[in-house]
Amino acid sequence: MIFARLEKIQISVENLFNGVAAATVVFMMGLTTVDVVMRYVFNSPIPDVYNLCEMLIVGIVYLAIAYVQQQKSHVRVDVFIDRLQGPPRLAFELGTLILALVGFSLMTWQAGRLAWDAWVTGDYSMGLIEYPFWPSKFAMTLGIGLLCLRFVTDIKHYAVELKKTSPHWILWLLVAFLPLAFFSVFLGVVSPGQFPPTTVGWILLGAMIVVLFIGLPVAFGLLVVGTVGYWVLAGADKTFLMLGAVPYSEITSYPLTVIPLFILMGNLAYQAGFAQKLYETAEKWVGSIPGGLAQATIVGGATFGAACGSGLASCATLAKICIPAMRKAGVDDKLALGSVAGAGPLAQMIPPSIVMVVYGFITDTSIGKLLIAGIIPGLIAAGCFMVMIYVRCRLNPRLVPLLSERVSWKERFVSLGHSWGIGMMVVIVMGGIYSGIFTPTEAGALGAAGTLILGFLSRQLTVRNFREAVMDSTKTAAMIFLIIAAAFLFSYFMGISRIPSNLSEYIVGLDVPRW
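Residues numbered from 1 in each chain as written. Predicted model: local features only at pLDDT ≥ 70, side-chain atom pairs only at ≥ 80, totals over all residues. Heavy atoms only, no water.

1. Some points on the layout of surface pockets
In this structure, the largest pocket occupies an estimated 550 Å³ of space. Lining the largest pocket are 26 residues, with Leu 99, Pro 179, Phe 182, Phe 183 and Val 211 positioned closest to its centre. The element best represented in the lining of the largest pocket is helix α6 (residues 169-189), accounting for seven residues. Across the lining of the largest pocket, the residue classes tally to 22 nonpolar, four polar and no charged. One number sums up the size of the second largest pocket: a volume of about 400 Å³. Lining the second largest pocket are 17 residues, and of these Leu 312, Gln 348, Ile 354, Val 355 and Ile 480 lie nearest its centre. Broken down by secondary-structure element, the contributors of at least two residues to the lining of the second largest pocket are α13 (311-328), α15 (354-363) and α21 (463-497). Top contributing element to the lining of the second largest pocket by residue count: α21, with five residues. (1 Å grid on protein atoms, 1.4 Å probe; cavity = no way out; pocket = protein on both sides within 12 Å on 5 of 7 lines; lining within 4 Å. Points joined across faces, edges and corners; volume = space filled by probe spheres on them. Helix = DSSP H or I, 4+ residues; strand = E, 2+ residues; numbered from the N terminus. Nonpolar A, V, L, I, M, F, W, Y, C, P; charged D, E, K, R; others polar.)

2. Here's the deal with the packing of aromatic side chains
The full count for this structure, using the stated rule, is 13 aromatic pairs. When the ring of Phe 104 is compared with that of Phe 151, the centres are 5.8 Å apart and the planes differ by 45°; the resulting orientation is tilted. Linking Phe 104 in helix α4 (residues 86-121) with Phe 151 in helix α5 (residues 134-165), this pair joins segments that are 47 residues apart in sequence. The class of Phe 104 is buried, set by a relative accessible area of 2%. With a relative accessible area of 0%, Phe 151 lands in the buried category. Relative to Trp 134, the ring of Trp 119 has its centre 5.0 Å away and its plane inclined at 90°; by these criteria the two rings are edge-to-face. Residue Trp 119 is located in helix α4, and its partner Trp 134 is located in helix α5; the two are separated by 15 residues in the primary sequence. Judged by relative accessible area, Trp 134 falls into the partly exposed class, the value being 33%. These aromatic residues form a ring-pair network of at least three members: Phe 104, Phe 151 and Phe 220. The positively charged end of Lys 137 is found above the aromatic ring belonging to Tyr 248, 5.2 Å away from the centroid. (Phe/Tyr/Trp six-rings, centres within 6.5 Å; stacked < 30°, edge-to-face > 60°. Buried < 20%, exposed > 50% of the residue type's maximum accessible area, 1.4 Å probe, protein only. Lys NZ or Arg CZ within 6 Å of the ring centre and 35° of its normal.)

3. Considerations on unusual backbone geometry
One non-glycine residue, Asn 43, adopts positive backbone phi at about 55°. Looking at the secondary structure, you find Asn 43 in the loop between α1 (2-42) and α2 (49-62). Positive phi values are uncommon outside glycine, yet Arg 459 reaches one of about 60°. Relative to the elements of secondary structure, Arg 459 occurs in the loop between α20 (440-457) and α21.

4. Looking at the pattern of salt bridges
Any two side chains of opposite charge can pair, on the condition that their charged atoms come close. Per the stated rule, a full pass over the model turns up seven salt bridges. Between Asp 154 and Arg 150 there is a salt bridge, with the nearest N and O atoms lying 3.2 Å from each other. Pair noted here: Asp 154 and Arg 150 are both in helix α5, with a separation of four residues, about one helical turn. Judged on exposure class, the residue Asp 154 and its partner Arg 150 are both buried. Salt bridges here are not isolated pairs; linked through shared partners, they connect Glu 14, Lys 72, Arg 150 and Asp 154. (Salt bridge = Lys/Arg side-chain N within 4 Å of Asp/Glu carboxyl O.)

5. Side note on the environment of Glu 93
Within the fold, Glu 93 resides in helix α4. Sequence-distant contacts of Glu 93, defined by excluding residues within four places in its chain, comprise Arg 76, Ile 81 and Tyr 158. (Contact = heavy atoms within 4.5 Å.)

6. Some points on the environment of Ser 184
Along the polypeptide, Ser 184 turns up in helix α6. Sequence separation of Ser 184 and Val 228 is 44 residues, and the distance between their C-alpha atoms is 9.5 Å.

7. Here's the deal with the packing of helix α10 (residues 258-271) against α20
Contact pair α10 / α20: the axes reach a minimum separation of 8 Å and the direction vectors enclose 25°. Regarding the angle of α10 to α20, the classification is roughly parallel. α10 and α20 meet at a crossing whose hand is left-handed. Of the residues in α20, those touching α10 at Val 258, Leu 261, Phe 262, Leu 264, Met 265, Leu 268 and Ala 269 are Pro 440, Thr 441, Ala 443, Gly 444, Ala 445, Gly 447, Ala 448, Thr 451 and Leu 452. Grouping the constituent residues of the contact of α10 with α20 by class yields 12 nonpolar, four polar and no charged. (Axes fitted to C-alpha atoms, helices over the stretch in contact; angles between N-to-C directions. Parallel < 35°, antiparallel > 145°, perpendicular 65-115°, else oblique. Left-handed = near helix turned anticlockwise from the far one by under 90°.)

8. Brief notes about α1
The terminal C-alpha atoms of α1, which comprises 41 residues, lie 58 Å apart, in line with the 60 Å expected from a rise of 1.5 Å per residue. One or two residues past the end of α1 sits Asn 43, with phi positive at roughly 55°. (Expected span 1.5 Å × (residues − 1).)

9. What about the side chain of Ser 497?
By the element assignment, Ser 497 lies in helix α21. Excluding residues within four positions of it along the chain, Ser 497 makes contact with Pro 197, Thr 198, Gly 201 and Leu 233.

10. Overview of the packing of α10 against α15
Contact geometry for α10 and α15: axes closest at 10 Å, N-to-C directions at 175°. Considered as vectors, α10 and α15 are oriented roughly antiparallel to each other. The segment α10 lies against α15, with Val 258, Ile 259, Phe 262 and Ile 263 engaging Ile 354, Val 357 and Val 358. Of the residues contributing to the contact of α10 with α15, the split by class is seven nonpolar, no polar and no charged.

11. Some words on the side chain of Asp 154
Asp 154 sits in the buried class, given a relative accessible area of 3%. Within the local environment of Asp 154, its side chain forms a polar contact with the side chain of Gln 69, the two groups lying 3.0 Å apart. Sequence-distant contacts of Asp 154, defined by excluding residues within four places in its chain, comprise Gln 69, Lys 72 and Leu 97. (Polar contact = N/O pair within 3.5 Å; in protein donor to acceptor, adjacent residues only side chain to side chain.)

12. Here we look at the nonpolar core
If you look at the biggest cluster of nonpolar residues, it comprises 151 residues, and the most contacted ones within it are Tyr 62, Phe 104, Ile 259, Met 326 and Phe 481. The leading source of residues in this core is α21, at 18 residues. (Core = buried A, V, L, I, M, F, W, Y, C linked by side-chain atoms within 4.5 Å.)

As structure tokens, then:
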């Protein structure tokens, strides 16, 4: 009874923290929107809004990650793990959680030290307004600490389930601890500099690929392998410092603030019914050709991608709208799922693309040029998907039954007016970027604010739907940012292994034409 009550309290706290993160997203959206309006209309921008948004992003990410674990929303490659059933599956999940608990506990410890140092020294940002660093670092410590408590709770649940499932549960429990035991012995025996950095790098690069393909969540796999590799090459002290500093310093970047805002824009478009209207319009225009509903999914995915920017949000939205409609019409299940899986990621190429923003940030490339460069490849990919569906349905008409209802040209043109919501979102985002009114980073805030206003004006977006959209947005954004933070940790290890520099030197030294 006591544990059940404590868990209810824990769930309430996790939901509360995610709610605070959601409120922070809305505040950042409003702050950026007001800043753009003040700058463009009155030539009087809000001072140091960039620094403030960089600190707000820490709260958005780390206050919500425990909720992500509660909802089991981490990205993982499930090729292998879905084949496991019963005690082997439970032991695998336990081993994963135990490794994650150790890694994130170390991160909590180091983040807490940095927060305390910021409090004692009075460290603050350099700018017109001196924002102290300790609140954001304390929020990071609190959020990761709550995630560790969630790991403990999940470990308890899996252990109890394992005990109920197998009479040999103690042996399976020992199996779950084997990965931690192996890494502990390995790190205790191996000393820094004992092996060549490149050799360690190649071995652990292969290990990272293996652990991801067997089903470890992407963020956990990158964290564990990156931490072990950095420890082997640089030692424990430097690894601890990296675990505390990197997840904070690499996340507090203004260009990355566009991620939760674009995700919010997509979720608001879904909750306001704009995405549903878009699919119905696409169905009227291409529904009569072979593969009609699947073709409409591709068209809808490409168009929604131009208003969303998130492949995950686009896939989730299309899955909710298109798959039920296609199954109801008798579309082959594999083709229905494949068309959504192909159409959703088009948002990663067609601007505004979150992937382009992240890539531009990591490689120090012009985000505006990357967004423009994604238009034609995205349209070509959509066209190729539609041609493939057309050919397959010509060869096998049973894959997608033709719609019995004929649609007149008048109905098609009238349906375009029903998609005004998505059209306005595209105009706001793309028009603002290419006219120079706001930057690609600010486009997320203006697009989300515009979608919110359009949704309320059309009376299709309610307060309840708005709350659901914001909560889902923070959950998705926190999951993406956790992968980004873990990827930076892994990249630091790859950097000191010298694999990237050696590969660059090898490629540059090849005796081949540069074109």
